[in-house]
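# Structural description and commentary
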Amino acid sequence: MLFKETGKHVGGQFLAYWKSHGGLAQQGYPISEEFQDISATDGKTYTVQYFERNRFEYHPEFAGTGNEVLMGLLGVEATKGRTFAPESPVAITPNQSYFPETQHTLKGSFLKYWQANGGLAVFGYPISPELLENGYLVQYFERNRFEYHLEFQGTPNEVLLGFLGAQAAKTNGW
């Protein structure tokens, strides 16, 4: 499929994943074609494609499973060198969760978005507390950054993913 807006193609497993995981609203437009890249996580070469809000990675070792396409660890990459103090455990309720794996809390609109859009399998664990950055309430996850947009309160765009795909592509010179 060709996207006129960026002149980039998306096909195969990446197109299927894009369509089944929020499409344009959640992933943004493709900003690269597929290419081979060495993973900073495990040193292996994967087929990847950058989107405005994510980097898709094809993992042949998971062929035929729900993990065949994974989002890159862009939240981890974006926060490299930053340290976030652990949060104290809280009681688990419908409006908040605590993750002992990373010692961070997920609550309110961010928790609802995380639960409704793939949770742990798609975004990974929270790796920061809620923070104010550039006038927005944000929270980092292993695979992305959630942004709370007050101007869209009460709409499906109240929580949006950060443009970490575009940021990572620019950082890497693509």
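Structural data are supplied above this passage.
Okay, so let's go over this structure. All values reported here derive from a predicted model rather than from experimental measurement.

### Some words on the overall build of the chain
- The secondary structure content of the chain amounts to six helices and twelve strands.
- The C-alpha atoms of the chain give 16 Å as radius of gyration, which agrees with the globular expectation for 174 residues (16 Å, within 12%).
- For the chain, the spread of C-alpha atoms along the three principal axes comes to 45 × 35 × 30 Å.
- In the chain, which comprises 174 residues, the share counted as buried stands at 43%.

### Notes on the layout of surface pockets
- Taken as a whole, the largest pocket encloses approximately 280 Å³ of empty space.
- Looking at the largest pocket, it is lined by 19 residues, and the ones nearest its centre are Tyr-50, Arg-55, Glu-77, Ala-168 and Asn-172.
- Sorting the residues of the lining of the largest pocket by element identifies strand S3 (35–38), strand S4 (45–50), strand S5 (55–58), helix H3 (74–78) and helix H6 (164–171) as the ones contributing at least two each.
- Here the lining of the largest pocket takes four residues from H6, the largest share from any one element.
- Considering only residue class, the lining of the largest pocket consists of ten nonpolar, five polar and four charged.

### Notes on the side chain of Glu-68
- With respect to the secondary-structure elements, Glu-68 resides in the loop between S5 and strand S6 (69–71).
- Look at Glu-68: it is buried, it has no salt bridge, and the nearest opposite charge is Arg-143 at 15 Å.
- At a separation of 3.1 Å, a polar atom in the side chain of Glu-68 contacts the side chain of Tyr-58.
- Among residues more than four places away in sequence, those in contact with Glu-68 are Gln-13, Glu-57, Tyr-58, His-59, Phe-62 and Ala-63.

Calculation rules
- Residues numbered from 1 in each chain as written.
- Predicted model: local features only at pLDDT ≥ 70, side-chain atom pairs only at ≥ 80, totals over all residues.
- Heavy atoms only, no water.
- Helix = DSSP H or I, 4+ residues; strand = E, 2+ residues; numbered from the N terminus.
- Rg over C-alpha atoms; globule rule 2.2 N^0.38 Å.
- Buried < 20%, exposed > 50% of the residue type's maximum accessible area, 1.4 Å probe, protein only.
- 1 Å grid on protein atoms, 1.4 Å probe; cavity = no way out; pocket = protein on both sides within 12 Å on 5 of 7 lines; lining within 4 Å.
- Points joined across faces, edges and corners; volume = space filled by probe spheres on them.
- Nonpolar A, V, L, I, M, F, W, Y, C, P; charged D, E, K, R; others polar.
- Lys, Arg positive; Asp, Glu negative; His and termini not counted.
- Salt bridge = Lys/Arg side-chain N within 4 Å of Asp/Glu carboxyl O.
- Polar contact = N/O pair within 3.5 Å; in protein donor to acceptor, adjacent residues only side chain to side chain.
- Contact = heavy atoms within 4.5 Å.

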